[in-house]
Amino acid sequence: MAESRGATVEFRSVTKRYGDTIAVDRLSFTVPAGRICVLVGPSGCGKTTSLRMVNRLIEPTSGEILIDGQNVLAEDPTQLRRRIGYVIQQTGLFPHQTVADNIATVPRLLGWPKERIQLRVDELMKLIGLDPGRMRRRYPAQLSGGERQRVGVARAMAAEPPLMLMDEPFAAVDPIVRERLQNEFLRLQRAQGITVIFVTHDIDEAIKLGDRVAVMRLGHLVQYAPPGELLARPADDFVAKFVGSDRGLKRLSLLTVGGVELAPLDRAKLDGAPVLSPSMSLRDALAVMLSSEAQEATVMEGDRYLGALTLQQIGRMLRVDEPA
Amino acid sequence: MTPGEPLIRWDWIASHAGEISLRIGEHLELTVIAVVVGLVIAFGLAFVALRLPALSAPITGTAGILYTIPSLALFAFLVPHTGLSVLTAEIGLVSYTLLILIRNIISGIRGVPSDVRDAALGMGYTPQQILWRIELPLALAVIFAGIRVATITTIGLVTVTALIGQGGLGYFILLGIQLFFSTPLLVGALGSITFAVVADGALVLVQRALTPWTRLR
Ligand SMILES: Nc1ncnc2c1ncn2[C@@H]1O[C@H](COP(=O)(O)OP(=O)(O)OP(=O)(O)O)[C@@H](O)[C@H]1O
Ligand SMILES: [Mg+2]
């Protein structure tokens, strides 16, 4: 991961009140540079409000937000926003501008030279899998929902911001497209080393994308942890319910076969046992073993035997309340 | 009309060609001035109404009252102050454009989707840039609908200003009534109808050229 580019973001006891409603209540957490922090929680828990206080679309009632140690309230909002990528669910693409013009928005505001803008637009269009030759001059109305979302992401990344804010960017597309967009986005984020604050109410999306997951409830931060830890040790009943009764299974998809201490190889039992690779997730391994009705599987890296994986071992990983 | 007289005497039209084109020019001038001045005033008032929503109702209300005053009554009221002049004609004509223009500018800009405005603000557009680069272009289709109605209304009303000595093609209508002579009457009436149709068509073409994104799918 290119650690250098991303910004560090710190919330310090940030509160937002609307009259008697407390939308966000003394929120404190730090997002390390180059990581994805996912804010997750039920509707109305304050995710969007928290996100929009970072680029000052909303002003906090009290507390402060620091980007690389700088208080955002000390900066000119317009200049601040041009340094932060912003993606929303409805995409907010400009209907009267072509795909290329939409992507070029912030570079234009920053006064980049024409040639540099055009190079950047073409580069981004290729990155998001849209053929510049064919798509550059299209208007948003001529794109599919998934293509629009991708243009929205490309537009937010155009001026190489160290920080991106994304508010349910993939919520409006069907599950298959969403999965593809998520994978593409992860690839881009890892390649560019951008810090991301990502809002969703989908816990599976949070677990898949987050380096850290912030679970919110009624304006409070309930738990802030890497996804594996969230699944293994939910802070309370609310989090446990929110991550789901299948959290053991969910955790299996975060763990790989290679990460388990394998049993020594028993050549007598090997015949007919399914073969797994160490990079496979435990969830996929379980599926393979169940479908071939095997108690045991052989783990091989290329031609090399690494050991055996048993159903009992996977079962132990499932009982996640005990430290793994 | 004398019996046996043809409905249109082409020889009259031929011998008055110069005057007809002069009156068409006059009609065009009165119309263009009215719509352009109306647009400038309407934009000013619409921006005020959008900035200060409290003033929105009084502004559209006043424009609405102006719109309901019968044109003859308005001219009769103005003549003692501004005489039988172009100014009198234009004050009347401009007043009638305001309601439709202000209303369409306001509703066009209010109709810009809030996610578009939100994204623009979030990416670092200033409020001024949002108005000029996002809201106005997106409101253009609705504003143009207003301009078309205002233009057609004005072309019709210009004929009435013949009564105060202006009037473009309305002059021929008046002449035809005074002389009891159908040819100038028809030249005036059909001329202004044709003018309205052509002007409307031209505005449609201009709007299409300015808003290519509205003709997709
Ligand atoms: N402008 C406002 N005025 C009053 N209350 C508001 C305003 N904006 C948000 N709220 C309230 O603040 C709380 C948090 O809203 P927020 O939009 O941050 O929720 P969210 O977590 O993003 O929800 P969702 O998942 O539905 O998008 C809600 O109770 C909401 O009603
Ligand atoms: Mg929200």
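Residues numbered from 1 in each chain as written. Chains lettered and ligands numbered in written order. Predicted model: local features only at pLDDT ≥ 70, side-chain atom pairs only at ≥ 80, totals over all residues. Heavy atoms only, no water.

**Student:** Looking at this structure, I do not really get the overall build of chain B. What am I missing?
**Tutor:** On a plain count of helices and strands, chain B comes out with nine helices and zero strands. Reading chain B from its N end, one meets helices and strands in the order α-α-α-α-α-α-α-α-α. C-alpha atoms of chain B, sized along the principal axes, occupy 75 × 45 × 25 Å. Taking all 217 residues of chain B together, the buried fraction comes to 45%. Considering only intrachain contacts with a sequence separation of at least 6, the fraction spanning at least 24 residues in chain B is 76%. As displayed, chain B offers around 10700 Å² of accessible surface, 73% of which is attributable to carbon and sulfur atoms. (Helix = DSSP H or I, 4+ residues; strand = E, 2+ residues; numbered from the N terminus. Buried < 20%, exposed > 50% of the residue type's maximum accessible area, 1.4 Å probe, protein only. Contact = heavy atoms within 4.5 Å. Areas by Shrake-Rupley, 256 points an atom, 1.4 Å probe, with all protein chains shown as cover.)

**Student:** Sorry if this is basic, but what is going on with the nonpolar core here?
**Tutor:** Soluble globular proteins: nonpolar side chains tend toward being buried together. By size, the foremost hydrophobic cluster in this structure holds 63 residues, and its most contacted members are Ile103(A), Met164(A), Met166(A), Phe185(A) and Phe198(A). Once residues lying within four places of it in the same chain are set aside, the contact partners of Met164(A) are Gly85(A), Val153(A), Ala156(A), Met157(A), Phe185(A), Ile194(A), Thr195(A), Val196(A) and Ile197(A). If you look at the next biggest cluster of nonpolar residues, it comprises 35 residues, including Ala89(B), Leu99(B), Ile143(B) and Ala150(B). (Core = buried A, V, L, I, M, F, W, Y, C linked by side-chain atoms within 4.5 Å.)

**Student:** Honestly, the sheet that holds strand β1 (residues 9-18) of chain A in this entry has me stumped. Any pointers?
**Tutor:** Residue and element names in this part refer to chain A. Read from one edge to the other, the open sheet built from four strands follows the order β2-β1-β4-β5, with strand pairing classed as antiparallel. Of all the strands in the sheet, the pair left with one neighbour each is β2 (21-31) and β5 (70-71). Two strands pair when backbone bridges link them, and β1 and strand β4 (residues 62-67) are joined in this way by five bridges, in the antiparallel orientation. Bridge pairing in β4 places Val9 opposite Ile67. (Pairing = 2+ DSSP bridges.)

**Student:** Could you clarify how one ought to interpret the sheet that holds strand β10 (residues 220-225) of chain A in this entry?
**Tutor:** Consider a sheet: its strands pair through backbone hydrogen bonds, and that pairing is either parallel or antiparallel. Residue and element names in this part refer to chain A. If you trace the six strands from one edge of the open sheet to the other, you get β6-β7-β8-β3-β9-β10, paired in mixed fashion. Both edges of this open sheet fall to β6 (84-88) and β10, since each of them pairs with a single strand only. Within this sheet the neighbouring strands show an average axis-to-axis angle of 15 degrees, counted without direction. Of the pairings in the sheet, the one linking strand β3 (residues 36-40) to strand β8 (residues 195-200) comprises five bridges and is parallel in character. Across the sheet, Val40 pairs through a bridge with Thr200, a residue of β8. Relative to strand β7 (residues 163-167), helix α1 (residues 47-54) is tilted by about 150 degrees, and along the sheet it contacts β3, β6, β7, β8 and β9 (212-217). Across the sheet, helix α8 (residues 175-192) touches β3, β7 and β8, and the angle it forms with β3 is around 135 degrees. (Axes fitted to C-alpha atoms, helices over the stretch in contact; angles between N-to-C directions.)

**Student:** What's the story with the site of ligand 1 in this structure? I'm lost.
**Tutor:** Residues and elements named next belong to chain A. Neighbouring ligand 1 are Tyr18, Ala23, Ser43, Gly44, Cys45, Gly46, Lys47, Thr48, Thr49 and Glu168. Between ligand 1 and Gly46 there is a distance of 3.0 Å, counted from an oxygen atom to a backbone nitrogen or oxygen. At 2.7 Å from an oxygen atom of ligand 1 is found a side-chain nitrogen or oxygen belonging to Thr48. For ligand 1, whose accessible area on its own is 640 Å², the fraction buried by protein is 59%. (Near = heavy atom within 4 Å. Polar contact = N/O pair within 3.5 Å; in protein donor to acceptor, adjacent residues only side chain to side chain.)

**Student:** How do you make sense of the side chain of Ser85(B) when you look at a structure like this?
**Tutor:** Residues and elements named next belong to chain B. Note that Ser85 resides in the loop between α4 (71-82) and α5 (86-110). Within polar-contact distance, the side chain of Ser85 engages the side chain of Thr88 at 3.1 Å. Apart from residues no more than four positions distant in its own chain, Ser85 is found in contact with Ile164 and Gln166.

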